[in-house]
Amino acid sequence: MKANQTHKRKLYIAQIGALHTFEAAARHGSYSRAAEELFITQAAVSQQIRGLEQSLGVKLFVREGRNMRLTERGARLLPWVSQGMAAFEQGMAALECEPLAGVLNITVIPSFASRWLMPRLWRFVERHPEVEVRLNANPQVQPIGRGGMDLAIRYCNRVDPELSSCLLIRECVFPVCSPALAERLQRIEDLYDTVIVSGPDYAGVSWEKWLQESGYRLDLSRIKRFEVNNNSLAIDMVLSGKGVALSRNVLAGDLIASGLLTRLFTKSYNPDNDYHLIWDPDSPRLTRIRCFTDWLKEEVAQGPGCQPDMQAEP
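Conventions used here
- Residues numbered from 1 in each chain as written.
- Predicted model: local features only at pLDDT ≥ 70, side-chain atom pairs only at ≥ 80, totals over all residues.
- Heavy atoms only, no water.
- Helix = DSSP H or I, 4+ residues; strand = E, 2+ residues; numbered from the N terminus.
- Buried < 20%, exposed > 50% of the residue type's maximum accessible area, 1.4 Å probe, protein only.
- Contact = heavy atoms within 4.5 Å.
- Areas by Shrake-Rupley, 256 points an atom, 1.4 Å probe, with all protein chains shown as cover.
- Salt bridge = Lys/Arg side-chain N within 4 Å of Asp/Glu carboxyl O.
- pLDDT = per-residue confidence, 0-100.
- Pairing = 2+ DSSP bridges.
- Axes fitted to C-alpha atoms, helices over the stretch in contact; angles between N-to-C directions.
- 1 Å grid on protein atoms, 1.4 Å probe; cavity = no way out; pocket = protein on both sides within 12 Å on 5 of 7 lines; lining within 4 Å.
- Points joined across faces, edges and corners; volume = space filled by probe spheres on them.
- Nonpolar A, V, L, I, M, F, W, Y, C, P; charged D, E, K, R; others polar.
- Domains from an automatic or database assignment.
- Right-handed = clockwise from strand over helix to strand, strands pointing away.

What follows concerns the overall build of the chain. Along the backbone of the chain there are 11 helices and 12 strands. A burial count over the chain gives 45% of its 314 residues as buried. Put simply, of all contacts in the chain between residues at least 6 apart along the chain, 77% involve residues at least 24 apart. About 17100 Å² of surface is accessible on the chain, with carbon and sulfur atoms providing 51% of the total.

As structure tokens, this is what we get:
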């Protein structure tokens, strides 16, 4: 029995190339498109599939017009082959993994960079001087992977399924103002006597939404409103002591902790987006990425009002 199992394993190992061809053909539902992906001829694809079928003693495909459809047994085999190919590719990528020392390109939205990341980044630099962090503060989504950014910190609610990601910070929305002004704003109706500052209505962050979620009743048309095109600018404005801004824990948390701002009232809600870490699972810089993300999670765990997700790992 043991000798028979050893023979079977050797037989399957000999068919790795054919299994790769099988996976491509199954994914495309076409021998010709599989041939284009693998840079071989359609005849070679057909020959490899036929040889694999003979070795396994099962029929894997049947023709339907110009396409190839998996048989029941072929469909049963496919997920195992796909998982095996993915594991093989990850193993090969691990062999190419760069050491910890070197460049790490990070893209992040400007408000997060200025309000949260930059005041903390010196601690990472002191701990890991061998990692050269290159920060790209850009509101536009930058490409991730080879030739692009190594790691992204994005404010979003969905991620490209071909990339790896994990939740970094769960956001919440609430009003803030200066401590002096907060003393005069004890009731929701007191907002009629001040100015409210509005940033862009993005990801469900708006005064209208806050009132709806909090259950407060207020006629916003009776309140003087000042609008800015950046939520970080709204924070800057209320730091002067005038007006109330609707903000998020990432932008205002440190300022509240230091006493420069006060969280007004007790009601808050979760917006549509949160902060996510995004990286290429096949990146040769995974050692560097893991080092930086581990440090980020430490910082988040110590920060005010931040709720990290420690499950996903690069």
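Pairs can form between side chains of opposite charge whenever their charged atoms are close. Under the criterion given, the structure shown has 18 salt bridges. Linking Arg-187 and Glu-189 is a salt bridge whose minimum nitrogen-to-oxygen distance equals 3.6 Å. With relative accessibility at 36%, the residue Glu-189 sits in the partly exposed group. What you see here is one network of salt bridges that share partners, running through Arg-120, Arg-123, Asp-254 and Glu-299.

Attention now moves to the confidence of the model for the chain. Looking at the chain as a whole, its pLDDT mean stands at 85, while 89% of the residues score no less than 70. Contacts from residues 305-313, a stretch scored under 50 in pLDDT, to residues over four places away or in other chains number 25 contacts.

This part takes up the sheet that holds strand 11 (residues 262-263). Read across the sheet, five strands follow the order 9-8-10-7-11 without closing on themselves; strand pairing throughout is mixed. Edge positions in the sheet fall to strand 9 (224-227) and strand 11, since each has one partner strand and no second. Sheet strands in contact with helix 9 (residues 231-239) are strand 7 (173-177), strand 8 (195-198), strand 9 and strand 10 (244-248), and its direction is about 135 degrees off that of strand 10.

With that out of the way, let us pick up the layout of surface pockets. The calculated volume of the largest pocket comes to roughly 570 Å³. As for the largest pocket, its lining consists of 26 residues, and the residues nearest its centre are Ile-109, Pro-139, Arg-154, Tyr-155 and Tyr-202. Contributions of two or more residues to the lining of the largest pocket are made by helix 6 (110-127), strand 5 (151-156) and helix 9. Of the residues contributing to the lining of the largest pocket, the split by class is 15 nonpolar, seven polar and four charged. There are two domains that each give the lining of the largest pocket at least three residues, and those are domain 2 (102-170 + 275-302) and domain 3 (173-263).

Before going further, it helps to spend a moment on the side chain of His-128. Looking at where His-128 falls in the secondary structure, it is placed in the loop between helix 6 and strand 4 (131-137). By relative accessible area, which is 15% here, His-128 ends up buried. Beyond its immediate stretch of four places on either side in the chain, His-128 contacts Leu-100 and Cys-291.

Despite not being glycine, Phe-39 has its phi angle at roughly 60 degrees, a positive value. The exposure class assigned to Phe-39 is exposed, which follows from its relative accessible area of 77%. If you check the backbone angles, Phe-265 has positive phi at about 65 degrees while not being a glycine. Secondary-structure assignment places Phe-265 in the loop between strand 11 and strand 12 (274-279). Phe-265 gets classed as buried once you look at its relative accessible area, which sits at 16%.

Successive side chains on a regular strand alternate, one facing one side of the sheet and the next facing the other. As judged from the seven bridges shared by strand 3 (residues 102-108) and strand 4, these two strands associate in the parallel manner. Residue Thr-107 lies in a different strand from strand 4, and its bridge partner there is Asn-136. In this fold, the crossover linking strand 3 to strand 4 by way of helix 6 has right-handed handedness.

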